[in-house]
Amino acid sequence: MPTMYHILLYNSNKTEEDIIFRGDVMNGLVNSLVYTSTCITLFLSSYLSDYLRTKKHINSTTVRKGFEMMALIGPAVCTALIPVVRCHRVAAIGLLTGAMAFLGFTGGGHVSIVADMAPHHSASIFGLVNSVGCTAGIFSPLLAGFLLDNARSSVQQWSTVFYISSGFYLFGAVIFLMWASAEKQPWAYTACTDKLLTIPYLQGEKITSINKSEIDKRYGSIS
């Protein structure tokens, strides 16, 4: 769930000015720290998830769900704890950074699961999924603006924003845990011998029968 991501993206300066500290230089440093942590875990989670699947032979669905749970429950816990520490600068910065670092584990979760489900349609599906998901970029800043006082937001007002974000993360975690699957979907298979015959190194071969399972096993599914 990108709710907290977009709230931080569009309101991070206001967050830090209102409940942590004031100063453009420090705001910039904290912002860079927050998003650097996401980049690092996004890269590492992608590599680690592939390692677990290919080297340790762990089921793909189990791997994807495990990483997605870290990516959603981690930020949920961190954002829920921010109102508890209130204006304690180090703790608040640590929790903000931790929330975004956990979010980077989506690299081994829903970001990669599209290619598992339908590898030949992954670009189109990911574009659609990401477009729908990014609608949070429209509504979450509007919701935050509605809940916050434009002049000077209080800790209590920001607490409401953080608790709502935490709830969305937990909701997404439950949905993903219950219904997500990294198995290749039946509709993603489209055996097409005409396309196979256009492949240069197959033109000299004679295909006497159309057997979908044998074609997929030998040459891979083509759609």
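Residues numbered from 1 in each chain as written. Predicted model: local features only at pLDDT ≥ 70, side-chain atom pairs only at ≥ 80, totals over all residues. Heavy atoms only, no water.

The protein carries the name Inorganic phosphate cotransporter in an unreviewed UniProt entry, which gives Caerostris extrusa as its organism. One UniProt comment on the protein, placed under Subcellular location (unreviewed entry), says "Membrane". (UniProt positions renumbered as here; feature names shortened; annotations may be inferred.)

Moving on: the packing of aromatic side chains. Across all of its chains, the model carries three aromatic pairs by this definition. Ring plane angle 40° and centroid distance 6.2 Å describe the contact between Phe102 and Phe105, whose orientation is recorded as tilted. (Phe/Tyr/Trp six-rings, centres within 6.5 Å; stacked < 30°, edge-to-face > 60°.)

So, about the UniProt feature "transmembrane region" (unreviewed entry) in the protein. Residues given the UniProt feature "transmembrane region" (unreviewed entry) here are residues 29-48, 69-85, 91-113, 125-148 and 160-180. Between the first and last C-alpha atoms of residues 29-48 the distance is 28 Å; the span itself is 100% helix and 0% strand. Helix makes up 95% of residues 160-180 and strand 0%, whereas the separation of the span's terminal C-alpha atoms amounts to 29 Å. (Helix = DSSP H or I, 4+ residues; strand = E, 2+ residues; numbered from the N terminus.)

We now examine a nonpolar patch on the surface. Together, Ile73, Val77, Leu81, Val84, Tyr163 and Leu170 line one region of the surface with nonpolar side chains, adding up to about 530 Å² of accessible area. If you list the elements that add at least two residues to the nonpolar patch, you get helix H3 (60-85) and helix H8 (155-179). It is H3 that contributes the most residues to the nonpolar patch, four residues altogether. For Val84, the position within the fold is in helix H3. (Patch = residues over 30% accessible without salt bridge, like charges linked within 9 Å, V, L, I, M, F, W, Y side chains within 5 Å. Areas by Shrake-Rupley, 256 points an atom, 1.4 Å probe, with all protein chains shown as cover. Salt bridge = Lys/Arg side-chain N within 4 Å of Asp/Glu carboxyl O.)

Right, let's get into the packing of helix H7 (residues 136-147) against H8. Contact geometry of H7 with H8 gives a least axis separation of 9 Å together with a crossing angle of 150°. Here H8 runs roughly antiparallel to H7, going by the angle between their axes. In this structure, the crossing between H7 and H8 has a hand that is right-handed. Counted together, Leu143, Ala144 and Leu147 of H7 and Gln157, Thr160, Val161 and Ile164 of H8 form the full contact between these two elements. Looking at the contact of H7 with H8 residue by residue, the classes come out as five nonpolar, two polar and no charged. (Axes fitted to C-alpha atoms, helices over the stretch in contact; angles between N-to-C directions. Parallel < 35°, antiparallel > 145°, perpendicular 65-115°, else oblique. Left-handed = near helix turned anticlockwise from the far one by under 90°. Contact = heavy atoms within 4.5 Å. Nonpolar A, V, L, I, M, F, W, Y, C, P; charged D, E, K, R; others polar.)

If you walk through the whole model with that rule in mind, you get three salt bridges. Between Asp50 and Arg53 there is a salt bridge, with the nearest N and O atoms lying 3.2 Å from each other. Of this pair, Asp50 and Arg53 both sit in helix H2 (residues 24-54), separated by three residues, roughly a single helical turn. Put simply, Asp50, Arg53, Arg64 and Asp116 are held in one network by salt bridges that share partners.

As a further point, take H8. Across its 25 residues, H8 extends 36 Å between first and last C-alpha, which sits within 8% of the 36 Å expected from 1.5 Å per residue. Of the positions making up H8, those classed as buried are Val155, Trp158, Ser159, Val161, Phe162, Ser165, Ser166, Tyr169, Gly172, Ala173 and Phe176. (Expected span 1.5 Å × (residues − 1). Buried < 20%, exposed > 50% of the residue type's maximum accessible area, 1.4 Å probe, protein only.)

Now for the environment of Val77. Summarising the element assignment, Val77 is placed in helix H3. According to the relative accessible area criterion, Val77 is partly exposed, its value standing at 45%.

With that settled, consider the environment of Leu95. On the secondary structure map, Leu95 appears in helix H4 (residues 89-103). Given the relative accessible area of 14%, Leu95 is considered buried. Sequence-distant contacts of Leu95, defined by excluding residues within four places in its chain, comprise Cys78, Leu81, Ile82 and Val85.

So, about the confidence of the model for the protein. One rule of thumb: low pLDDT means the predicted coordinates there are not for detailed reading. Mean pLDDT over the protein stands at 79; residues scoring 70 or higher make up 71%. When the elements of the protein are averaged for pLDDT, helix H9 (residues 193-197) gives the smallest value, 47, and H3 the largest, 95. In the model, residues 206-210 has pLDDT below 50 throughout and makes two contacts with residues more than four positions away in sequence or in other chains. (pLDDT = per-residue confidence, 0-100.)

Glancing now at the side chain of Arg64. Its place among the elements puts Arg64 in helix H3. With a relative accessible area of 2%, Arg64 lands in the buried category. Reaching out from Arg64, the side chain makes a polar contact with the backbone oxygen of Gly108 at a distance of 3.2 Å. Sequence-distant contacts of Arg64, that is, excluding residues within four places in its chain, are made with Ser49, Asp50, Arg53, Gly108, Gly109, Ser112, Ile113, Asp116, Phe176 and Ala182. (Polar contact = N/O pair within 3.5 Å; in protein donor to acceptor, adjacent residues only side chain to side chain.)

It is worth spelling out H3 at this point. The first and last C-alpha atoms of H3 sit 38 Å apart over 26 residues, in line with the 38 Å expected at 1.5 Å per residue. By the N-cap criterion, in which a side-chain oxygen at the helix start approaches the backbone nitrogen of a residue two or three places on, H3 is capped by Asn59, the distance to Thr61 being 2.9 Å. Directly after H3, the chain includes Arg86, whose backbone phi takes a positive value near 55°.

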